[in-house]
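Residue strings, one per chain:
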Amino acid sequence: MIRVMDSRTAFELADHDALGQAELAAAGEVTATELLDAAILRLEAGRSLNAVIADLFDRARADAAALDASGALRTGKHGPLAGVPFLLKDLGASLAGAPEAMGSRALRTHVAEQTAWIVDRYLDAGLVIFGKTNTPEWGNHCTTEPSLFGPTVNPWSPDITPGGSSGGSAAAVAAGIVPAASGGDGTGSIRVPASCCGLVGLKPRRARTSFAPGAGHGLEGLVNEHALTRTVRDSAALLDAVTGAGVGDPYSAPLPAEPFLRAIATPPAPQRILMATSSPFPGPVTDPAVVAAVEHTAATLAGLGHLIEPGAPTIDADAVADAIAVLHTVSNAALFALAREHLGRDPHEDEFEPSSWVMIREGFITTGLAYAEAIAAVHAQTRRFAAQMTGHDVLLVPTLLTSPPPYRLLDQPRGTTRAFFDVEFATTGWTALANVTGWAAVSLPLGVIDDGLPIGVQLMAPDEAVLLRLAAQLETALPWAGRRPPGWVGRN
């Protein structure tokens, strides 16, 4: 019987994914309290990563003790994830009574008044929430280095960003602090950190989960919420836990034909996969190591019986970039209003990141017509993209066009919001297209650069089930579970 009596056992538990830890608890090998204590030990060992910026230990201990006392872990009342320690991204995943700064100095004393629907689903699944993870201000950046809390360190190297905006969650999972943590994705904010940190990062299809009770959707449908994991099966199980609509949601995705965790047990039928290695935006050149990773993935999928064809849908790159910029300026102006309400005064310029301030100022002067035109452009490009994918089931592309980027690249002001996103898209390439179209997309750690840094490869499709089935096939054919970064907790 496993008992968390010392740090060695706590670190050994890190080798189990979320379902593996829950299976130990269900079998009586370990209690929820012991799983939590082990995760806290690992968190303390990994403090230098700066992945977690708010501890919720007292609340977590009460929740774990209640699970143990109820006997629910043995009965399976809460499902296959009960008792597993879990971290929330400090943006989007609100927990009533917990700090909620969203990476912003203007909100440094803000406390959430409501619990998000998706967090209620996590709690209903028996996950034990014990902290909140670092994020850039309002999720504006595909890197995690807010001035409020400081940069999160990538466990693979202190010289490269862990990505963003779910970088704190990604670093915590990659380092072995937790097997899974929550994330959100507006232009790649789950998949970029997954690529930088060697993880599985699934962005669900639009409206798979709910933004209740605070909103109907995020960034006019660009944002989706899910998680960072080390295994495909954990991603599937977590998606099962949060699939569905909240009361009064404006729209929702059709329910899946079967639970995602069950679906991945069956290989997919042969898929027609379109493969591209170049960017959908003009100018950027894809790193040869990234091209090689995509091509190797394509060859592996072909060997598994899938049809691979070169090519890619084209979009009006200017229309997409302009629309994303406009939607972000309006969103930042709205968040400025939230900060003003919280502070009881107008926030000062120096209470925001310089790049956020550019977006805020542009948001103040963005007209209703410009906003409506941006929404119309998103819809038009979605139809154009989908029409060109007719005859194919899946799109295979890079996650990032480059190796994991350095710090102080993806968070800097560029004079205008559009110029800011031009720099981002020169690195991220395809990620934003999944947000614009509402398609599901997953980044998988299928490549390695010569120096050992991970490379993510991305699959996109209208629905998650086929992506998760393909991901499970690739996880078996090109296993990544044994890779451990230098910053893995307990390594030394």
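Quick caveat, the model's predicted, so the values are computed rather than measured.

Caption draft 1: Here's a closer look at the UniProt feature "domain: Amidase" (unreviewed entry) in the protein. The feature "domain: Amidase" (unreviewed entry), as annotated in UniProt, sits at residues 34–462 in this numbering. Helix makes up 38% of residues 34–462 and strand 14%. Its end C-alpha atoms lie 40 Å apart.

Caption draft 2: Quick look at unusual backbone geometry. The omega torsion across Gly164 and Ser165 is 10 degrees, close enough to zero to call that bond cis. Locating Ser165 in the fold gives a position in the loop between β3 (128–133) and α7 (167–174). For the bond running from Ala212 to Pro213, omega is 0 degrees, close enough to zero to count as cis. For Pro213, the position within the fold is in the loop between β5 (200–203) and β6 (224–229). Of note, Met102 is a non-glycine position whose phi angle comes to about 55 degrees, a positive value. As for its placement among the helices and strands, Met102 is situated in the loop between β2 (85–89) and α6 (117–124). The backbone of Trp138 shows a phi angle near 55 degrees, a positive value even though the residue is not glycine. Among the structural elements, Trp138 can be located in the loop between β3 and α7. Residue Trp138 is classed as buried on the basis of its relative accessible area, which comes to 6%.

Caption draft 3: Quick peek at the packing of aromatic side chains. Going through the model one piece at a time under the given rule, you end up with 11 aromatic pairs. Between Phe86 and Tyr122, the ring centres sit 4.8 Å apart and the planes meet at 55 degrees, which makes this aromatic pair tilted. Note that Phe86 is positioned in strand β2 and Tyr122 in helix α6, a separation of 36 residues in sequence. The two residues Phe86 and Tyr122 agree in class, both being buried. Through a chain of ring-to-ring contacts, the aromatic side chains of Trp138, Phe336, Phe352, Trp357 and Phe364 assemble into a single cluster. A cation over an aromatic ring shows up here: Arg484 above the ring of Trp488, its NZ or CZ 4.1 Å from the ring centre.

The rules behind these values
Residues numbered from 1 in each chain as written. Predicted model: local features only at pLDDT ≥ 70, side-chain atom pairs only at ≥ 80, totals over all residues. Heavy atoms only, no water. UniProt positions renumbered as here; feature names shortened; annotations may be inferred. Helix = DSSP H or I, 4+ residues; strand = E, 2+ residues; numbered from the N terminus. Buried < 20%, exposed > 50% of the residue type's maximum accessible area, 1.4 Å probe, protein only. Phe/Tyr/Trp six-rings, centres within 6.5 Å; stacked < 30°, edge-to-face > 60°. Lys NZ or Arg CZ within 6 Å of the ring centre and 35° of its normal.

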